[in-house]
Structure formats: structure tokens, C-alpha cells
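# Structural overview
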Amino acid sequence: MLKSMTGFGRAEQTVGEKTFLVEVKALNGKQFELQVKLPPLLKSYEFDIRNILQENLGRGTIDCYINIKQNGTTKPVTINTELIKAYYNQIHQLAGELSIDTNSVLAALLRLPEVVSPANELLSPEDFKQFTVVLQTAIKELNNHRIGEGASLEKDLLQRIENINAQEEAILALEPNRKKRIKEEILRLLEENVGKENIDNNRMEQELIYYMEKIDIHEEQIRLKQHCEYFREIMNSSEEGKGKKLSFVLQEIGREINTTGSKAYDADIQKCVVKMKDELEKAKEQVLNVL
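The present account deals with the structure reproduced in this document. Please read all numbers here as calculations on a predicted model, not as lab measurements. (Residues numbered from 1 in each chain as written. Predicted model: local features only at pLDDT ≥ 70, side-chain atom pairs only at ≥ 80, totals over all residues. Heavy atoms only, no water.)

Each full turn of the α-helix corresponds to 3.6 residues, which orients residues three or four apart in the same direction. The end-to-end C-alpha separation of helix H7 (residues 243-264) is 32 Å, in line with the 32 Å expected for 22 residues at 1.5 Å each. Of all the positions in H7, only Gly-243, Leu-246, Val-249, Leu-250, Ile-253, Gly-254, Glu-256, Ile-257, Thr-260, Gly-261 and Ala-264 are classed as buried. Trailing H7 by a residue or two, Tyr-265 shows a phi angle of about 50°, which is positive. (Helix = DSSP H or I, 4+ residues; strand = E, 2+ residues; numbered from the N terminus. Expected span 1.5 Å × (residues − 1). Buried < 20%, exposed > 50% of the residue type's maximum accessible area, 1.4 Å probe, protein only.)

If you want it as C-alpha cells, here you go:
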């Protein structure tokens, strides 16, 4: 079973007076790259959150947005009493000079800059444990999304390999006639340019054998078939993170296809090679999406 690298997961849950919201988005990436946006309450747990995400998501470009809402009227705040006293003393002195009543000045003082500010509260270990449940839920949803997309990728990749195998079978069927035509063409050229009576048949046979061995593509076709089988084995295995390995096997498949094309000297086989290259490029594009 394959997993795509792209996916999205979201989870939201209210625990006590706090509502945890987690959104995780994954895109293609050669390594694990994480951008995480945390509220102040979770700053001290950033390392733990990053570890959880990396352990469960493998590689890819990950964007994680986390928010914590304080419910009701219990949002913690801090009142800077020293600052409010300093403000009051100055206002009281000014009010005395101007003969102004200061009985209702407290409300105005509380609105002055930096008098009231949010408390630098940290999430308790118990609340963080509850939060990790929400985080894992979002990760699970993302991975389910990855599995769904991976099924489509698997179907497409197997079809590409099947198409390459079909062209490889076509080449094997064309191979005997190819050698025969090449041999006949060499003999024809020699007779036209040297003369049939001037050809040393023994030497001619030796040169033909040497030449035919150089352009033989039988070994390439065997290796190509083996690489395709290995590709399927990896696809069917239960291991995680198959994308890189599948990409390496496609590189080996490409080498055998290129060598076949360079040795072919046959228009029909070259057509098969072009079709195989087309399927290979499509497979390479798709395997970039595989985790």
C-alpha cells in the first residue's frame, strides 16, 4: 500500500475551559520540513510537538497551525499594580491643581497602555496530554487522506510498469528479424562496394559475430524485466517510505531503456523505446508524490 505525500487533517476539541484546534497540511518534499504556528501557551512544548509530527508524518513539507481558545470569562490577565499607582499619583496631583474629582478615575486607569495584559500562562502537563490527543487525531486524518491518494498513485504506477513490460515483450518479438535485417544489409553494402567475389567469408563471419554481440539487447531486456518485477515487489511490501526506493528503481529502468535504444538500429524497436520512455517519465512524475 502506497501513501501520498500530500494530505490535510483537522481536529478540534473542547477540554474544560479550552478549545484546541489543529490543522496540518502536507505537500511534496525530499526531506521533512516543518513550519508550525503555535500560541504562547504551547511555546514550551514546541520540541515535543515537532517530534510527534515528524514521527508520524515521515517526510514532506508540513504546515501545522495550532490555536487554543479560552472559553467563558476566565481568560487569565495580569494587572501591573506598580504602573497603575504611578499613573494614579500623577493624575491625582494634576487633578488637585485643576480641582477635578478623581473618584471615578479607576476605569480610565485600567485602559491605559500596559496596565492590563494577558498572563504568560503555560499549558499544564495534563492539558498538554489532552492536546496531544487532538494533534494525533489531525495527524490520523491527514494520513488517511494520504492513503486514499496513495491508492490512486499505486494504480497508475502499476499501469505504467505494465505498459513498459508490454513494449519490452514487443521488442523481444522484433529482435530475431532485426538481427537478420542488419546482417543482410551489411552483406548488401559489402557486395555493392567490394564485390561478392572479393569477400573473405571466414573473416566476414567473425566480424558479423563480433558486431552482433555489440548490438545484442538480450541482457538489457532481461535486466529491464527484473527491474520491473522488483518495482512491483516494493509496491506490494508493507514497509513505510517507499518513494525514494521506487525512484531509484525507475532510474535503473531508464538506463536499460536508453541502452536498448542506443543499440537498436531498428525503426520498430525505436518506436517501442520511445513509448517506454514516455511511460517512464509519467511514472517518475507520479513517484515524486509517493511518501
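Having seen the structure, we can now continue with the description.
The next subject is helix H6 (residues 218-236). Here H6 spans 28 Å end to end across 19 residues, near enough to the 27 Å set by a 1.5 Å rise per residue. Regarding H6, the residues found buried are Glu-220, Gln-221, Leu-224, His-227, Cys-228, Phe-231, Arg-232, Ile-234 and Met-235. Taken down its axis, H6 places every buried residue within 160° of arc, on the same side. What points out from H6, more than 90 degrees from its buried face, is the exposed set Glu-219, Glu-233 and Asn-236. (Arc of directions from axis to C-beta.)

On inspection of all chains with the given rule, the structure shows 17 salt bridges. One salt bridge in this structure joins Lys-282 and Asp-278, with 3.3 Å as the shortest N-O distance. With Lys-282 and Asp-278 both in helix H8 (residues 267-287) and four residues apart, this pair spans about one turn of that helix. Residue classification places Lys-282 among the partly exposed positions, given a relative accessible area of 32%. For Asp-278, a relative accessible area of 39% gives the class partly exposed. (Salt bridge = Lys/Arg side-chain N within 4 Å of Asp/Glu carboxyl O.)

Let us now look at the sheet that holds strand S3 (residues 32-37). As summarised here, the arrangement of the four strands in space is S1-S2-S4-S3, forming an open sheet in which the pairing is mixed. Lying at the two open borders of the sheet, with one neighbouring strand each, are strand S1 (7-15) and S3. Neighbouring strand axes in the sheet, compared pairwise and without regard to direction, differ in orientation by 10° on average. As paired strands, strand S2 (residues 18-27) and strand S4 (residues 60-70) are joined by 10 bridges and run antiparallel to one another. Within the sheet, the bridge partner assigned to Leu-21 lies in S4 and is Asn-67. (Pairing = 2+ DSSP bridges. Axes fitted to C-alpha atoms, helices over the stretch in contact; angles between N-to-C directions.)

Two numbers describe a pair of packed helices, the interaxial angle and the distance between the axes. With their axes 9 Å apart at the nearest point, H6 and H7 run at an angle of 160° to one another. Here H6 is positioned roughly antiparallel relative to H7, judged by the angle of their axes. As H6 packs across H7, the resulting crossing turns out to be left-handed. In this structure, H6 uses Glu-220, Gln-221, Arg-223, Leu-224, His-227, Cys-228, Tyr-230, Phe-231, Ile-234 and Met-235 to contact H7, whose residues at the interface are Lys-245, Leu-246, Val-249, Leu-250, Glu-252, Ile-253, Glu-256, Ile-257, Thr-259, Thr-260 and Lys-263. (Parallel < 35°, antiparallel > 145°, perpendicular 65-115°, else oblique. Left-handed = near helix turned anticlockwise from the far one by under 90°. Contact = heavy atoms within 4.5 Å.)

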